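# Examination of the molecular architecture
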Amino acid sequence: MVDVTVGHGGHSFLFGNRLGAGGTLIGLDADSKSLERARQRLAPLACKVILLQSNFSQVAERLAELGIKEVDFLLADLGLCSGQISDSELGLSFRTDMPLDMRIDASLEVTAADIINQYDEKSLADLIFEYGQDRASRRIARYIVQRREREPITTTGQLAAVVSSALWTPGGKHKARHPATRTFQALRIAVNRELDNLRDLLSAAPGLLRKDGSIAIISYHSLEDGLVKWDFKAREHEGIYRIRTKKPISPSREEIAVNHRARSAKLRIAQKT
Ligand SMILES: C[S@@+](CC[C@H](N)C(=O)[O-])C[C@H]1O[C@@H](n2cnc3c(N)ncnc32)[C@H](O)[C@@H]1O
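As the structure is a computational prediction, the values presented were derived from the model and not from experiment.

### Describing the nonpolar core
By size, the foremost hydrophobic cluster in this structure holds 31 residues, and its most contacted members are Leu100, Met102, Ile116, Ile144, Leu159 and Leu187. If we skip the residues at most four places from it in the chain, leucine 100 touches Gly91, Thr111, Ala112, Ala113, Ile116, Ile153, Thr154, Thr155, Thr156 and Leu159. Val2, Leu74, Ala204 and Ala270 belong to the second-largest nonpolar core, a separate cluster that totals 26 residues.

This is the structure we're talking about:
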């Protein structure tokens, strides 16, 4: 099997146990620190474990390099591990002030600070609207441009403050979500080319799965889930997949109570015909 977002190895450990000594588990992650955690977690497994630092958009190339033509199971748990949000080197948190970077894949060149300081106002607004689904995108973009005319915005704290000031209303109600959540989501998606990577993975998958092999994808926002849903539907229509989850599987209330970050998770599974 291949876990293209091995992270800290939580899922892979459970699957690896089921694979047993005869199986091979290949884990990919773009982030070297995640891979290091996975290496420790997966060390006790009896199956063969191969861990590679790679973007999952290149999963087909990585498997070809290993001489692997087909797999029985392909798993993707999109997004980030909670530790990555607080990792000051990645610059993803609006709760702690850190350099505005957001690249989880060190081979990427454009940082969040580059986008925030170089995009024109309309492009910024479009990005925040499209990837952040924030209806106040134009107002936020205007505030960002006004602020950066005085000095560049280089930290997550500065950006969070600008977005908060754009959305501040006198006597406004305290919201459960930080006002900068959507803007940060938009930037993260753009910097890491998250939707392009997912498209690449979805188009490579049918060529990598053995007959009756399955692909399972967990997504955390509607842009990703929409791509997965329509890809599976289109391929079912073409007779390539059988969809195993007519409706996506969501976490139970009990699971959300112990793992709040799972609240928006949606799992979809398809099987190669
Ligand atoms: C939600 S975590 C996965 C957690 C994992 N399922 C576990 O049980 O520990 C997502 C992981 O995917 C990685 N990731 C995100 N986008 C990626 C991409 N395009 N290519 C490779 N890894 C990616 C992140 O670095 C992160 O470690």
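After presenting the structure, the write-up continues.
### What about the pairing of strand β4 (residues 71-77)?
Of all the seven residues making up β4, six are buried; the element is thus mostly covered by neighbouring parts of the structure. Alignment of strand β1 (residues 2-3) against β4, held across two bridges, turns out to be parallel. Residue pairing in the sheet places aspartate 3 in a bridge with leucine 75 of β4. Pairing analysis gives six bridges linking β4 to strand β5 (residues 209-219), with the strands arranged parallel. Within the sheet, the bridge partner assigned to aspartate 77 lies in β5 and is isoleucine 218.

### A closer look at the sheet that holds β4
Pairing in this open sheet of seven strands is mixed, and the strands run β3-β2-β1-β4-β5-β7-β6 from one edge to the other. Edge strands, defined here as strands with exactly one partner in the open sheet, are β3 (48-53) and β6 (241-243). In this sheet, strand β2 (residues 24-29) lies alongside β1 in parallel orientation, the contact comprising two bridges. Bridging from a neighbouring strand, valine 2 pairs with isoleucine 26 of β2. Its contacts with the sheet place helix α2 (residues 32-42) against β2 and β3, and it is angled at close to 170° to β3.

### Regarding the domain arrangement of the protein
Interface size is commonly expressed as the accessible surface area that is lost when the partners come together. For the protein, the assigned domains read domain 1 (2-83 + 194-272) and domain 2 (109-191). Placing a centre on the C-alpha atoms of domain 1 and another on those of domain 2 gives a separation of 31 Å. With seven residues of domain 1 at the contact, the number on the domain 2 side is six residues. Together, Glu194, His221 and Leu223 form the three largest contributors to the area buried by domain 1 at its contact with domain 2, with a combined 65%. If you list the elements that add at least two residues to the side of domain 1 that touches domain 2, you get α10 (194-208) and α11 (222-237). A breakdown of the residues in the side of domain 1 that touches domain 2 according to their chemical character gives three nonpolar, three polar and one charged.

### A look at the packing of helix α6 (residues 121-132) against helix α7 (residues 137-150)
Their axes nearest at 8 Å, the elements α6 and α7 cross at an angle of 135°. By the angle between their directions, the pair α6 and α7 is classed as oblique. For the crossing formed where α6 meets α7, the hand is right-handed. Judged by residue contacts, Glu121, Leu124, Ala125, Asp126, Ile128 and Phe129 of α6 engage Ser137, Arg138, Ile140, Ala141, Arg142, Ile144, Val145 and Arg148 from α7.

### Focus: the site of the ligand
The ligand sits among 23 residues. The nearest are His11, Asp29, Phe56, Asp77 and Gln84. Between the ligand and the protein, one listed contact pairs an oxygen atom with a backbone N or O atom of glycine 10 at 3.1 Å. A distance of 3.2 Å separates an oxygen atom of the ligand from a polar side-chain atom of serine 34. Taken together, the residues of the shell around the ligand sort by class into eight nonpolar, twelve polar and three charged.

### Observations concerning the environment of isoleucine 218
Residue position: isoleucine 218 is located in strand β5. Residue class for isoleucine 218 comes out buried when judged on its relative accessible area of 12%. When the C-alpha atoms of isoleucine 218 and glutamine 133 are compared, they prove to be 20 Å apart, with 85 residues separating the residues in sequence. With residues near it in sequence (within four places) discarded, isoleucine 218 still touches His11, Ala76, Asp77, Leu78, Ala265, Lys266 and Leu267.

Conventions we followed
Residues numbered from 1 in each chain as written. Predicted model: local features only at pLDDT ≥ 70, side-chain atom pairs only at ≥ 80, totals over all residues. Heavy atoms only, no water. Core = buried A, V, L, I, M, F, W, Y, C linked by side-chain atoms within 4.5 Å. Buried < 20%, exposed > 50% of the residue type's maximum accessible area, 1.4 Å probe, protein only. Contact = heavy atoms within 4.5 Å. Helix = DSSP H or I, 4+ residues; strand = E, 2+ residues; numbered from the N terminus. Pairing = 2+ DSSP bridges. Axes fitted to C-alpha atoms, helices over the stretch in contact; angles between N-to-C directions. Domains from an automatic or database assignment. Buried area = accessible area lost by both parts, 1.4 Å probe. Nonpolar A, V, L, I, M, F, W, Y, C, P; charged D, E, K, R; others polar. Parallel < 35°, antiparallel > 145°, perpendicular 65-115°, else oblique. Left-handed = near helix turned anticlockwise from the far one by under 90°. Near = heavy atom within 4 Å. Polar contact = N/O pair within 3.5 Å; in protein donor to acceptor, adjacent residues only side chain to side chain.

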